[in-house]
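Structural characterization, general
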Amino acid sequence: MLRWIVSILVNAVILIVVAGFFDSFHLSGIGAALGASFILSVLNVLIKPFLILLTLPVTVVTLGLFLFVINAMTLMITEGLMGDSFAIDGFGTAIIAAVFISLLHLMIQKGIIEPLKKDK
């Protein structure tokens, strides 16, 4: 449970950082970032596995790059559920944001989380 809460908080910070980089990626505040992070985590658990299964042939042919499109789809679904507090101006922005979110997650995982786990 604690790991999930930390993941939501980290994801919220990442969403705020991405919103700072792109003018076409809007968050109304910290509460919106936390809400979007929560909805995104629920979607990643419930819907993303089915999307991956349905698009498996395309994902294999593109050597996994289609996963960015799936991540962008979950971002767009989150935007639709959040209303005016979270807005993405287009699907292209959602794809670019998905790439940046993935890169930031990778940097946090490799730079912070794994070194902390090695110290234990």
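Conventions we followed
- Residues numbered from 1 in each chain as written.
- Predicted model: local features only at pLDDT ≥ 70, side-chain atom pairs only at ≥ 80, totals over all residues.
- Heavy atoms only, no water.
- Helix = DSSP H or I, 4+ residues; strand = E, 2+ residues; numbered from the N terminus.
- Expected span 1.5 Å × (residues − 1).
- Buried < 20%, exposed > 50% of the residue type's maximum accessible area, 1.4 Å probe, protein only.
- Arc of directions from axis to C-beta.
- Contact = heavy atoms within 4.5 Å.
- Core = buried A, V, L, I, M, F, W, Y, C linked by side-chain atoms within 4.5 Å.
- Polar contact = N/O pair within 3.5 Å; in protein donor to acceptor, adjacent residues only side chain to side chain.
- Phe/Tyr/Trp six-rings, centres within 6.5 Å; stacked < 30°, edge-to-face > 60°.

A few words on helix H2 (residues 30–46). Its 17 residues give H2 an end-to-end C-alpha distance of 24 Å, which sits within 8% of 24 Å, the value for a rise of 1.5 Å per residue. The set of residues buried in H2 consists of Ala 32, Ala 33, Ala 36, Ser 37, Leu 40, Ser 41 and Leu 43. Down the axis of H2, the smallest arc covering the buried residues is 165°, so these residues share one side. Within H2, the exposed residues directed more than 90 degrees away from the buried face are Gly 31, Val 45 and Leu 46. Where H2 is buried, its residues meet helix H1 (2–21), strand E1 (25–27), helix H3 (48–54), helix H5 (66–82) and strand E2 (86–88).

Here the focus is the nonpolar core. If you look at soluble globular proteins, the nonpolar side chains tend to sit buried side by side. Ranked by size, the top nonpolar core spans 19 residues in total, and within it Leu 15, Val 18, Phe 25, Leu 75, Phe 86, Ile 88 and Ile 101 carry the most contacts. Elements with a minimum of two residues in this core: H1, H2, H5, E2 and helix H6 (91–119). It is H6 that contributes the most residues to this core, 5 residues altogether. When sequence neighbours within four positions are dropped, the list of residues in contact with Ile 88 reads Ser 24, Phe 25, Leu 75, Met 76, Glu 79, Thr 93 and Ala 94.

Relative to the assigned elements, Thr 55 resides in the loop between H3 and helix H4 (56–61). With a relative accessible area of 16%, Thr 55 lands in the buried category. A polar contact is formed between the side chain of Thr 55 and the backbone oxygen of Leu 51, at a distance of 2.7 Å. Not counting chain neighbours up to four residues away, the residues in contact with Thr 55 comprise Phe 66 and Ile 70.

What follows covers H6. For the α-helix, the turn length of 3.6 residues means that residues three or four positions removed from each other point alike. The terminal C-alpha atoms of H6 lie 41 Å apart, and with 29 residues this matches the ideal 42 Å at 1.5 Å per residue to within 8%. If you check which residues of H6 are buried, you get Thr 93, Ala 94, Ala 97, Ala 98, Ile 101 and Leu 104. Summarising the contacts, the buried residues of H6 are in contact with H1, E1, H5 and E2.

The next point concerns the packing of aromatic side chains. In the structure shown here, the tally under the stated rule is 3 aromatic pairs. Between Trp 4 and Phe 38, the aromatic rings sit 5.6 Å apart at their centres with planes inclined by 65°, giving edge-to-face as the arrangement. Here Trp 4, found in helix H1, pairs with Phe 38, found in helix H2; they are 34 residues apart in sequence, far enough to count as distant. Between Phe 22 and Phe 100, the aromatic rings sit 5.2 Å apart at their centres with planes inclined by 75°, giving edge-to-face as the arrangement. Of the two residues, Phe 22 sits in the loop between H1 and E1 while Phe 100 sits in helix H6, which places them 78 residues apart along the sequence.

For the rest of this paragraph, the subject is unusual backbone geometry. Even without being glycine, Leu 63 reaches a positive phi, approximately 60°. Secondary-structure assignment places Leu 63 in the loop between H4 and H5.

By themselves, these are just geometric observations and shouldn't be taken as functional.
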